[in-house]
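Here's the letter readout for the chains.
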Amino acid sequence: MRLLVCGASGQLGAAIVKMFTNRADVVPMTRAALDIADAAAVGRAVADASPEAIVNCAAYNDVDGAEDDASTALSANAIGVLTLARAARSRGATFVHYSTDFVFDGTLDRPYTEDDEPKPQSVYAASKLLGEWFAADAPSHYVLRVESLFGGPRRRSTVDRIVDAVRDGKPSRVFVDRTVSPSYVEDVAGATARLLALRPASGVYHCVNSGWTTWYELAKRIVEILDRPAELVPVRVADVPLRARRPQYAALSNRKLRDAGIEMPSWEEALARYLTSP
Ligand SMILES: NC(=O)c1ccc[n+]([C@@H]2O[C@H](COP(=O)([O-])OP(=O)(O)OC[C@H]3O[C@@H](n4cnc5c(N)ncnc54)[C@H](OP(=O)(O)O)[C@@H]3O)[C@@H](O)[C@H]2O)c1
């Protein structure tokens, strides 16, 4: 299979390229090589690569910055996705795209399923929801909602921020009242490979490590695994003013993915694997 990967140098993009390198003919496209919002460039790249699947890891992810720069967020997260989906449709390629738990408002008290109604609370979230809708322009498409990604070369994730603080013996401020289902990029990449092999029905799938936790509990687990003395400072969402609203309860259910034959490892196991990998 020939695979065009957009956003190839990002956190997830690098993991996707690594996962597929020995399984497929991968054409990695960094942002410098391909701006997904440039329709003419996308047309040329897709014609040149002639892919059977287009995997889009490119996105504008500055959640707070998007409040002041909606046009850049919309251009990458919505228009760029539409451009790629149309290119996939015209070549008969499968389109894989990634979205976010932020499409929900975070007011439920049980894990969100794909049937729950999105209620985006920020410009970033609205731009990602538009991207989900536009991705469906490709008749064969998978939109994988991921959350709190960790792993990959950039070390910019919240997990990495806590890990680095613990390793450096510095205090870490962590939310006691935000619930998340974290996603290890290696496992998201593995699920993407399985999806392209199994080919379940097109649509939206939640693709996170199984289970959920607060950031505080997750930080405690990091400290246990690293086995170092550490100071974790509990903070509450209400005490940290942020530009964009975030869902406070954002556990996602993986059931639809599991029913499609793809089991996601638990977040505890994924975190241990990440922290003990060489
Ligand atoms: N990170 C998370 O915790 C998280 C949570 C939920 C959902 N997601 C979703 O998961 C996917 C992967 O996220 P990630 O964390 O791997 O993102 P990332 O590390 O920020 O990588 C995104 C990549 O896209 C590139 N990019 C931005 N605008 C572009 C454009 N117009 N054309 C081409 N490339 C462009 C970026 O380049 P520059 O670095 O040069 O800007 C970067 O290389 C995204 O869809 C994201 O929305 C992520």
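Look above for the structure.
This structure is a prediction, so every number in the text was calculated from the model and none was measured.

1. What to know about the site of the ligand
Phase 1 of the analysis: Around the ligand, the surrounding shell holds 24 residues, and the nearest of these are Gln11, Leu12, Arg31, Asn61 and Lys128.
Phase 2 of the analysis: The backbone of Gln11 places a nitrogen or oxygen atom 2.9 Å from an oxygen atom of the ligand.
Phase 3 of the analysis: Within the backbone of Leu12, a nitrogen or oxygen atom sits 2.7 Å from an oxygen atom of the ligand.
Phase 4 of the analysis: Summarising the interface, the protein chains cover 85% of the accessible area of the ligand, which totals 900 Å² for the free molecule.
Phase 5 of the analysis: Within the residue set of the shell around the ligand, elements represented by two or more residues are helix H1 (11-20), strand E4 (94-100) and helix H4 (123-135).
Phase 6 of the analysis: Among the residues forming the shell around the ligand, the class breakdown is 11 nonpolar, seven polar and six charged.

2. Let's talk about the state of the cysteines
Phase 1 of the analysis: According to the stated counting rule, one finds zero disulfides in the structure shown.
Phase 2 of the analysis: Lacking any disulfide linkage, Cys6 is separated from the closest cysteine sulfur, that of Cys57, by 8.1 Å.
Phase 3 of the analysis: Owing to a relative accessible area of 1%, Cys6 belongs among the buried residues under this scheme.
Phase 4 of the analysis: The exposure class of Cys57 is buried, given its relative accessible area of 15%.

3. Focus: helix H7 (residues 215-226)
Phase 1 of the analysis: In a regular helix each residue adds 1.5 Å, so 12 residues correspond to 16 Å; H7 covers 16 Å between its end C-alpha atoms and thus fits that length.
Phase 2 of the analysis: Every buried residue of H7 is accounted for by Trp215, Leu218, Ala219, Ile222, Val223 and Leu226. Within H7, the buried residues cover an arc of 145° as seen down the axis, which keeps them to one side.
Phase 3 of the analysis: Just downstream of H7, Asp227 is the residue with a positive phi angle, here 55°.

Calculation rules
- Residues numbered from 1 in each chain as written.
- Predicted model: local features only at pLDDT ≥ 70, side-chain atom pairs only at ≥ 80, totals over all residues.
- Heavy atoms only, no water.
- Near = heavy atom within 4 Å.
- Polar contact = N/O pair within 3.5 Å; in protein donor to acceptor, adjacent residues only side chain to side chain.
- Areas by Shrake-Rupley, 256 points an atom, 1.4 Å probe, with all protein chains shown as cover.
- Helix = DSSP H or I, 4+ residues; strand = E, 2+ residues; numbered from the N terminus.
- Nonpolar A, V, L, I, M, F, W, Y, C, P; charged D, E, K, R; others polar.
- Disulfide = S-S within 2.5 Å.
- Buried < 20%, exposed > 50% of the residue type's maximum accessible area, 1.4 Å probe, protein only.
- Expected span 1.5 Å × (residues − 1).
- Arc of directions from axis to C-beta.

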